Structures are given as C-alpha cells and as structure tokens.
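Summary of the model geometry
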Amino acid sequence: LAKTTQPISMDSYEGQEVNITCSHNNIATNDYITWYQQFPSQGPRFIIQGYKTKVTNEVASLFIPADRKSSTLSLPRVSLSDTAVYYCLTPNSGGYQKVTFGTGTKLQVIP
Amino acid sequence: NAGVTQTPKFQVLKTGQSMTLQCAQDMNHEYMSWYRQDPGMGLRLIHYSVGAGITDQGEVPNGYNVSRSTTEDFPLRLLSAAPSQTSVYFCASRGQQETQYFGPGTRLLVL
C-alpha cells in the first residue's frame, strides 16, 4: 500500500524559497507523483505532477531523485498568498481509482 | 467551462433527515469522486465512479449512496443524516493521469 509522509507544518518568510519533501517508499514503477494546494474553504487545486527527475511549471518545481522514494516540491519566492496546505499524492493499492489524501503540509508564510 | 459545480454551498439538517448533494462537471471526465473533509484533516474518499453506471466504495462509504446515470452528474445521497456526517464535502472529476479538479465544496451541518 503506497503511503506518503510529509511534514505537518512549515513556516517561511516572504520572498524565500520553500521546499516541502514527501517520502513515498513504496511507490510503484508506473506511478506518478502529484501535488495539490488547498486554501481555506476551497477544494484542492492541482499544482504539479511528475514521474522522474525534474518538472517545472509557472507555479512550482518538482524534484524526484532516481530511486523515486521521495519528491520535493519547490516554491520559489513565496508570498503571503502561498499560505495553504500542500498535499503529496501517489496512487494506493487501488491504483488511480482510490486516491486518498493525507493531512498534508500546512505552509504559513510570514510577512 | 464551468468545471466542477456543487450545490448547495451550505446546508443544515436535523438528525434523521435525508438529502442529496449535487455535483456536475462539463469536462466530459469519466472518473468522478466524493470526498469529505473534517476540520484540520485531509480528504477522505467516500465513493467514486469510473463512468456512467459504475460506482464503487471508497474509505468511508457508510451512510452514503451514489449513482451515476450520466457522465456529467454524480449526486451523493445521505439516507439518514447523523451528527458525525457534519463535514465539508468535495466533489471531483479527473482528467489525465491523476489530475483531479475539485468543486467549491458543500458545508453540511447535522444537528
């Protein structure tokens, strides 16, 4: 059963780069790693997805080492509006059909 | 595209009452799902559907029913509401890989 582990919370000052690491020791060969962002009173929003090495989009970068047992979401120069909960997901034993969310990482950006 | 829409936004029920939470998507996604999120917690999967006429249980299905008669709609029914079902309910549909699109949520209070 694939399971992810990530820090419960993190604090960062505005303008800093924030790295949130997620461990997924039992990830299957064909599984993707997906990150979501959730603001209070809103549904989660897709941020980025990757399989290996590095993926970058306009919001974030995702670094995945060769063994794929962990991944790191990197948010460049965070602002107060990046305060949110960030979830790291991989498929569980039900594959992509039964995707479950953990408690995520609550990022608090400080002025 | 409206994406994923949910109604109502907020509902108060008395114990024992029944109701249906509505969810619709206009992205022609085959996969849809329902989650509940309790305060300070992650999302837990209630039911999901991989296409019209096909539904299955998630982590916490007890007390809830679903049906999928069309690709667009995936209603969630509470048969006999209980205070333990007080939560925020999110509907989602899935595009490529595991990229889920979430609705704005329905806040349910059961007295």
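In short, a report on the structure. Here the structure is a predicted model, which is why all the values come from computation and not from measurement.

For the rest of this paragraph, the subject is the interface of chain A and chain B. Each partner contributes to the interface: chain A provides 20 residues, whereas chain B provides 21 residues. For the pair chain A and chain B, the summed buried surface comes to about 1,700 Å²; carbon and sulfur atoms form 52% of the total. Run the count over chain A and chain B and you get zero salt bridges. Looking at the side of chain A that touches chain B, the elements that each hand over two or more residues are β3 (33–38), β4 (45–50) and β8 (84–89) of chain A. If you tally residues by element for the side of chain A that touches chain B, the top one is β3(A), at three residues. Across the side of chain A that touches chain B, the residue classes break down as nine nonpolar, 10 polar and one charged.

Residues and elements named next belong to chain B. Assignment of secondary structure puts T106 in strand β11 (residues 106–110). Judged by its relative accessible area of 0%, T106 is buried. Apart from the residues lying within four places of it in its own chain, the contact partners of T106 are Q6, T7, P8, K9, L21, S87, V88 and Y89.

Here the focus is the pairing of strand β9 (residues 105–110) of chain A. All names here are of chain A. A one-sided burial pattern is seen for β9, the buried positions being T105, L107 and V109 and the unburied ones K106, Q108 and I110. Two elements, strand β1 (residues 9–13) and β9, share five bridges in a ladder whose sense is parallel. Each residue of the ladder has a partner; that of Y13, found in β9, is I110.

Let us now look at the environment of A:T53. Residue and element names in this part refer to chain A. Note on placement: T53 falls in strand β5 (residues 53–56). A relative accessible area of 51% means that T53 is categorised as exposed. C-alpha of T53 to C-alpha of P65: the two residues are 12 residues apart in sequence and 5.9 Å apart in space. Ignoring anything within four residues of it in the chain, the contact list for T53 reads L62, F63 and I64.

So, on to the state of the cysteines. All names here are of chain A. This model, assessed by the stated rule, comprises two disulfides over all chains. Each sulfur in the disulfide pair C22 and C88 lies 2.2 Å from the other. Negative torsions about the S-S bond denote left-handed disulfides, and the value of about -75 degrees found for C22 with C88 makes this one left-handed. Taken as a pair, C22 in strand β2 (residues 18–23) and C88 in strand β8 lie far apart in primary sequence, 66 residues in all. Using a relative accessible area of 0% as the deciding quantity, one classes C22 as buried. The buried category is assigned to C88, whose relative accessible area is 2%.

What counts and how
Residues numbered from 1 in each chain as written. Chains lettered and ligands numbered in written order. Predicted model: local features only at pLDDT ≥ 70, side-chain atom pairs only at ≥ 80, totals over all residues. Heavy atoms only, no water. Contact = heavy atoms within 4.5 Å. Buried area = accessible area lost by both parts, 1.4 Å probe. Salt bridge = Lys/Arg side-chain N within 4 Å of Asp/Glu carboxyl O. Helix = DSSP H or I, 4+ residues; strand = E, 2+ residues; numbered from the N terminus. Nonpolar A, V, L, I, M, F, W, Y, C, P; charged D, E, K, R; others polar. Buried < 20%, exposed > 50% of the residue type's maximum accessible area, 1.4 Å probe, protein only. Pairing = 2+ DSSP bridges. Disulfide = S-S within 2.5 Å.

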